[in-house]
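# Observations on the three-dimensional arrangement
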Amino acid sequence: MSRVINPDSAGKERNRLSRSIVLALRELMRQSEPNQIAHDLAAYISLALLEINETVETSVVAWEKRGYWVKADRFRLDWEWSDRLGQSMQKAILSEDWASVATLAAQVGQKLVKVTLPARNRLGTPWVGAWQQLQHNQ
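Here's a quick rundown of the structure. (Residues numbered from 1 in each chain as written. Predicted model: local features only at pLDDT ≥ 70, side-chain atom pairs only at ≥ 80, totals over all residues. Heavy atoms only, no water.)

This part covers the overall build of the protein chain. Counting secondary structure elements, the protein chain contains 5 helices and 0 strands. Along the protein chain, helices and strands appear, N-terminal first, in the series α-α-α-α-α. A principal-axis box enclosing the C-alpha atoms of the protein chain has dimensions of 55 × 30 × 30 Å. Across the 138 residues of the protein chain, 36% fall into the buried class. If you take every contact in the protein chain between residues at least 6 apart in sequence, the share linking residues at least 24 apart comes to 75%. Carbon together with sulfur atoms contributes 50% to the accessible area of the protein chain, which is approximately 8,900 Å² in total. (Helix = DSSP H or I, 4+ residues; strand = E, 2+ residues; numbered from the N terminus. Buried < 20%, exposed > 50% of the residue type's maximum accessible area, 1.4 Å probe, protein only. Contact = heavy atoms within 4.5 Å. Areas by Shrake-Rupley, 256 points an atom, 1.4 Å probe, with all protein chains shown as cover.)

Written as structure tokens, this is what we have:
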């Protein structure tokens, strides 16, 4: 029996989410007032950060099976900000605290400063409907 290869690894998912967050941050900074689009963008950023945090554990499990505990712990520490900022942004959005959303968005942007976007946007607009999804999850 041959080995089953998953082309959609946790690392690829993390990269895709990181690129979509950077795209959403750029679009959020263009918004002049908290309208429906701004709600969707901010909600998507928080949900994507929480999804990134879930992919970290998936990556770490494989290393821990092989006994690379130091590497696994270092990787967790490198990405621990995603959970913290995702939850903080979620609270700020739900309480309509746009000053905190702007501050948190800047912090996320600093963490993802090395992420580059391709010249052509193939990601689309993944944030459409994120505000309703966030409200539904609460």
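Once you've had a look at it, read on.
Let's shift gears to the nonpolar core. Ile 21 and Ile 45 are the most contacted members of the largest nonpolar core, which totals 36 residues. Of all the elements in the fold, those that place two or more residues in this core are helix 1 (10-30), helix 2 (36-65), helix 3 (69-94), helix 4 (98-111) and helix 5 (130-137). Here this core takes 12 residues from helix 2, the largest share from any one element. Once residues lying within four places of it in the same chain are set aside, the contact partners of Ile 45 are Ile 21, Ala 24, Leu 25, Leu 28 and Met 89. (Core = buried A, V, L, I, M, F, W, Y, C linked by side-chain atoms within 4.5 Å.)

Another aspect to go through is the packing of aromatic side chains. Tallying each qualifying case throughout the model produces 2 aromatic pairs. On the numbers, 5.6 Å between centres and 25° between planes, the contact of Trp 79 with Trp 81 is stacked. Exposure class is identical for Trp 79 and Trp 81. Each is buried. When the ring centre of Trp 79 is taken as reference, the NZ or CZ atom of Arg 14 above it lies at 5.8 Å. (Phe/Tyr/Trp six-rings, centres within 6.5 Å; stacked < 30°, edge-to-face > 60°. Lys NZ or Arg CZ within 6 Å of the ring centre and 35° of its normal.)

The subject of this paragraph is unusual backbone geometry. As a rule of thumb, non-glycine residues mostly have phi less than zero, and peptide bonds are mostly trans rather than cis. Here Glu 96, not a glycine, exhibits a phi torsion of approximately 60°, which is positive. Turning to its location among the elements, Glu 96 is positioned in the loop between helix 3 and helix 4. Given the relative accessible area of 39%, Glu 96 is considered partly exposed.

Estimates place the volume of the largest pocket at around 200 Å³. Lining the largest pocket are 14 residues, and of these Leu 23, Leu 117, Pro 118, Arg 120 and Asn 121 sit closest to its centre. Of the residues that constitute the lining of the largest pocket, the class distribution is 6 nonpolar, 1 polar and 7 charged. (1 Å grid on protein atoms, 1.4 Å probe; cavity = no way out; pocket = protein on both sides within 12 Å on 5 of 7 lines; lining within 4 Å. Points joined across faces, edges and corners; volume = space filled by probe spheres on them. Nonpolar A, V, L, I, M, F, W, Y, C, P; charged D, E, K, R; others polar.)

On to the packing of helix 2 against helix 5. Two elements in contact, helix 2 and helix 5, have axes whose closest approach is 7 Å; the angle formed by their N-to-C orientations is 60°. Considering their axes alone, helix 2 and helix 5 lie oblique with respect to each other. Across the interface between the two elements, Gln 36, His 39, Asp 40, Ala 43, Tyr 44, Ser 46 and Leu 47 of helix 2 pack against Ala 130, Trp 131, Gln 133, Leu 134 and Asn 137 of helix 5. In terms of residue class, the contact of helix 2 with helix 5 is built from 6 nonpolar, 5 polar and 1 charged. (Axes fitted to C-alpha atoms, helices over the stretch in contact; angles between N-to-C directions. Parallel < 35°, antiparallel > 145°, perpendicular 65-115°, else oblique.)

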